[in-house]
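Residue-level listing of the chains:
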Amino acid sequence: MSDNVLQVNDDNFEAEILSSDTPALVDFWASWCGPCRAIAPVVEELAEQYAGKLKVAKLNVDESPKTPGQYGIRAIPTLILFKDGKVADQITGAVSKSHLQAAIDKQLA
Amino acid sequence: MDVVLLERLSPGGQVLTTDVVENWPGDVDGVSGFELSDRMRDHALKFGLKIKNDEIIKLASDGQIKVLTTPEGEIRAKAVILAVGAQPRKLGVPGEDLLIGKGVSYCGTCDGPFYREQTVVCFGGGDTAAEEAVFLTRFAKKVYLVHRRDQLRAAGVLAERVLNNPKIEVLWSQVPLEIKGQDKVEAVRLKKLKDEVEYDLPCDGAFVFVGTSPNTGFLRGVVDMDREGFIIHDRNQHTSMNGVFAAGDCCSKLLRQIVVAAGEGAVATYAAQRYLEEVHE
């Protein structure tokens with residue numbers, strides 16, 4: 001696993017993501033989800049590519065069910081872009097890297 | 001031959017969303033979709049395959065050379081095998097797109113655990129619909145299976161599991177009209193085909209298993225396709241474009257199974273090699 005991807009959970013979600021100075025992308029995933037696994041290398045590449053500009057994190061919905069519940073997540077993978085503690089964009093399903101880049105660039109612009 | 005696999009996500013495709021593959025020859029007790037994907041990838045890596053994470057947005061010819069356009073550049077190749085796969089087809093009813101990820105799902109093995117002790121509605125009547133409806137009974141307290149015909153198209157053993165499962169109720173000869181809900185799925189509106197009666201069925205989730213749609217949008221007008229967008233090929237997997245072959249679920253054919261895709265892959269590879277010897281040597 002890439003060092004650039006932060007592991008977050010119910011306990012540190014507020015401190016790491018909601019209070020983050022930089023925008024954050026959170027990948028909500030679980031070990032039993034095939035598309036989550038499919039998209040994992042893309043998330044790692046994005047973490048590397050946007051290092052310093054975007055915080056990239058993963059949250060395991062099995063271990064931390066409270067946070068996905070708060071955001072009404074009922075399908076994974078779901079990727080949420082947070083900006084100033086608020087949901088700026090939400091993408092469900094294993095989408096391509098270019099699709100995610102476009103969504104990120106829009107928020108960083 | 002110098003071969004590279006261009007992979008948009010990570011290898012596995014629809015196999016990765018299959019809980020247990022029960023019809024892969026030799027795996028008598030079935031094999032998880034995860035494991036089979038990994039084994040196939042590792043098998044190919046062992047023989048020296050290079051895998052590159054990239055997405056193809058355009059295919060064109062430059063004389064005898066094929067030009068593949070990616071978001072960041074161009075890859076030139078003497079022959080191409082298209083194994084772009086397929087993805088679940090949508091119902092195409094109002095509410096569906098708005099509620100994706102909020103109760104509308106195309107993958108029971110991914111999202112089933114979000115529906116513990118809840119009520120879900122599945123759409124479809126084929127093998128995937130039958131398998132996934134049964135899988136969802138592990139979590140949901142009640143599973144409705146809505147099918148437009150009066151019998152399932154799923155293979156006998158799969159259909160039997162549906163019909164014998166006390167948590168599953170099949171709603172025969174009915175079609176969806178709308179998926180209802182504000183921030184999450186609250187009900188599906190159905191129509192009974194026999195007497196045209198419409199009604200709302202309250203539920204927490206709507207799972208769609210009504211076939212697949214090929215990932216061939218970027219190939220439209222480049223290679224010949226059937227009416228649904230599946231790629232037409234000859235018995236050597238050669239498409240209408242010289243030096244371009246196709247294999248797997250993106251192909252126009254009768255049966256879409258992993259074993260069929262693997263066989264087509266073998267034929268396409270051999271045919272591509274023959275093509276290179278004849279045309280480029």
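Our subject is the structure that appears above.
Residues numbered from 1 in each chain as written. Chains lettered and ligands numbered in written order. Predicted model: local features only at pLDDT ≥ 70, side-chain atom pairs only at ≥ 80, totals over all residues. Heavy atoms only, no water.

Draft legend 1. Summary view of a nonpolar patch on the surface. On the surface, a cluster of nonpolar side chains totalling about 210 Å² of accessible area is made up of Leu-5, Leu-45 and Ile-51 of chain B. Relative to the assigned elements, Ile-51 of chain B resides in strand S4 (residues 50-53). (Patch = residues over 30% accessible without salt bridge, like charges linked within 9 Å, V, L, I, M, F, W, Y side chains within 5 Å. Areas by Shrake-Rupley, 256 points an atom, 1.4 Å probe, with all protein chains shown as cover. Salt bridge = Lys/Arg side-chain N within 4 Å of Asp/Glu carboxyl O. Helix = DSSP H or I, 4+ residues; strand = E, 2+ residues; numbered from the N terminus.)

Draft legend 2. Main features of the pairing of strand S5 (residues 86-92) of chain A. Residues and elements named next belong to chain A. Relative to S5, strand S4 (residues 78-83) is paired through six bridges, and the arrangement is antiparallel. Paired with Lys-83 across the strands is Lys-86, a residue of S5. In sequence, S4 turns back onto S5 through a hairpin of two residues, with Asp-84 there showing a positive phi of about 50°. (Pairing = 2+ DSSP bridges.)

Draft legend 3. Just the state of the cysteines, in detail. Per the counting criterion, the structure on display carries two disulfides over all chains. For Cys-33 of chain A, the disulfide goes to Cys-36 of chain A, at an S-S distance of 2.2 Å. When the S-S torsion is 85°, as for the bridge of Cys-33 of chain A with Cys-36 of chain A, the disulfide is right-handed. Overall, the relative accessible area of 1% leaves Cys-33 of chain A in the buried class. Cys-36 of chain A sits in the buried class, given a relative accessible area of 3%. In this model Cys-203 of chain B remains outside any disulfide bridge; the closest cysteine sulfur is found in Cys-122 of chain B, 9.9 Å from its own. Here Cys-251 of chain B is not cross-linked by a disulfide; its sulfur's nearest cysteine counterpart is in Cys-250 of chain B, at 4.5 Å. (Disulfide = S-S within 2.5 Å. Buried < 20%, exposed > 50% of the residue type's maximum accessible area, 1.4 Å probe, protein only.)

Draft legend 4. Quick look at the interface of chain A and chain B. Taken together, the contact between chain A and chain B spans 23 residues of the former and 23 residues of the latter. Regarding the contact of chain A and chain B, the summed buried area is about 2000 Å², with carbon and sulfur atoms giving 56% of it. Of all residues in chain A, the largest losses of buried area upon contact with chain B belong to Trp-32, Arg-37 and Arg-74 of chain A, amounting jointly to 39% of the total for that side. When the shortest N-O distance is used, the salt bridge between Asp-38 of chain B and Arg-37 of chain A registers 3.0 Å. Where chain A touches chain B, the interface holds nine residue pairs in polar contact (both at pLDDT 80 or more). Mapped onto the side of chain A that touches chain B, the elements with two or more residues apiece are helix H2 (34-49) and helix H4 (97-108) of chain A. Counting residues per element, the side of chain A that touches chain B draws most heavily on H2 of chain A, at eight residues. Residue composition of the side of chain A that touches chain B, grouped by class: 13 nonpolar, seven polar and three charged. (Contact = heavy atoms within 4.5 Å. Buried area = accessible area lost by both parts, 1.4 Å probe. Polar contact = N/O pair within 3.5 Å; in protein donor to acceptor, adjacent residues only side chain to side chain. Nonpolar A, V, L, I, M, F, W, Y, C, P; charged D, E, K, R; others polar.)

Draft legend 5. Quick look at the sheet that holds strand S17 (residues 205-208) of chain B. Residue and element names in this part refer to chain B. The five strands are arranged S10-S17-S11-S12-S13 in an open sheet whose pairing can be described as parallel. A single partner strand is all that each edge strand has here, and the edge strands are strand S10 (104-105) and strand S13 (168-171). As paired strands, strand S11 (residues 119-123) and strand S12 (residues 142-146) are joined by five bridges and run parallel to one another. Bridge pairing in S12 places Cys-122 opposite Leu-145. In the packing of helix H3 (residues 127-136) onto the sheet, the strands contacted are S11, S12, S13 and S17, and the crossing angle to S11 comes to about 175°. (Axes fitted to C-alpha atoms, helices over the stretch in contact; angles between N-to-C directions.)

Draft legend 6. How the structure looks around unusual backbone geometry. Residues Ile-76 of chain A and Pro-77 of chain A are joined by a peptide bond in cis, for which omega reads 0°. Here Pro-77 of chain A is to be found in the loop between helix H3 (66-70) and S4. The phi dihedral of Glu-117 of chain B is positive, around 60°, even though this residue is not glycine. The residue Glu-117 of chain B is located in the loop between helix H2 (108-111) and S11 in this model. With phi around 50°, Ser-173 of chain B is a residue other than glycine that occupies positive phi space. Along the polypeptide, Ser-173 of chain B turns up in the loop between S13 and strand S14 (174-180).

Draft legend 7. Molecular detail of the environment of Val-61 of chain A. Along the chain, Val-61 of chain A turns up in the loop between strand S3 (55-60) and H3. Overall, Val-61 of chain A belongs to the buried group, its relative accessible area being 6%. Separated by twelve residues in the primary sequence, Val-61 of chain A and Ile-73 of chain A have C-alpha atoms spaced 9.4 Å apart. When neighbours within four sequence positions are excluded, Val-61 of chain A is seen to be in contact with Phe-28, Trp-29, Ala-30, Trp-32, Pro-68 and Ile-76 of chain A together with Phe-114 of chain B.

Draft legend 8. Spotlight on the sheet that holds strand S16 (residues 198-202) of chain B. Residue and element names in this part refer to chain B. Spatially, three strands are ordered S14-S15-S16 in an open sheet, and the strand pairing comes out antiparallel. Taken across any chain shown, the strands that pair with only one partner, and hence form the sheet edges, are S14 and S16. Along the sheet, successive strands turn relative to each other by an average axial angle of 30°, direction set aside. The pairing of S14 with strand S15 (residues 187-192) spans six bridges and is antiparallel. Across the sheet, residue Glu-178 finds its bridge partner in S15, namely Arg-189.

Draft legend 9. Representation of the pattern of salt bridges within the structure. This model, assessed by the stated rule, comprises 22 salt bridges over all chains. A salt bridge links Asp-19 of chain B to Arg-138 of chain B; its shortest N-O distance comes to 2.8 Å. Taken together, the positions of Asp-19 of chain B in the loop between strand S1 (4-7) and strand S2 (20-21) and Arg-138 of chain B in the loop between H3 and S12 put the pair 119 residues apart, joining distant regions of the chain. For Asp-19 of chain B, a relative accessible area of 28% gives the class partly exposed. For Arg-138 of chain B, a relative accessible area of 55% gives the class exposed. Taking the shortest distance from any N to any O, the salt bridge between Glu-278 of chain B and Arg-274 of chain B comes out at 3.8 Å. One end of the pair, Glu-278 of chain B, and the other, Arg-274 of chain B, are both in helix H5 (residues 258-280), four residues apart, so they sit about a helical turn from each other. Connected through shared salt-bridge partners, Arg-37 of chain A together with Asp-38, Arg-41 and Asp-42 of chain B make up one network.

Function cannot be read off these values alone, since they describe shape.
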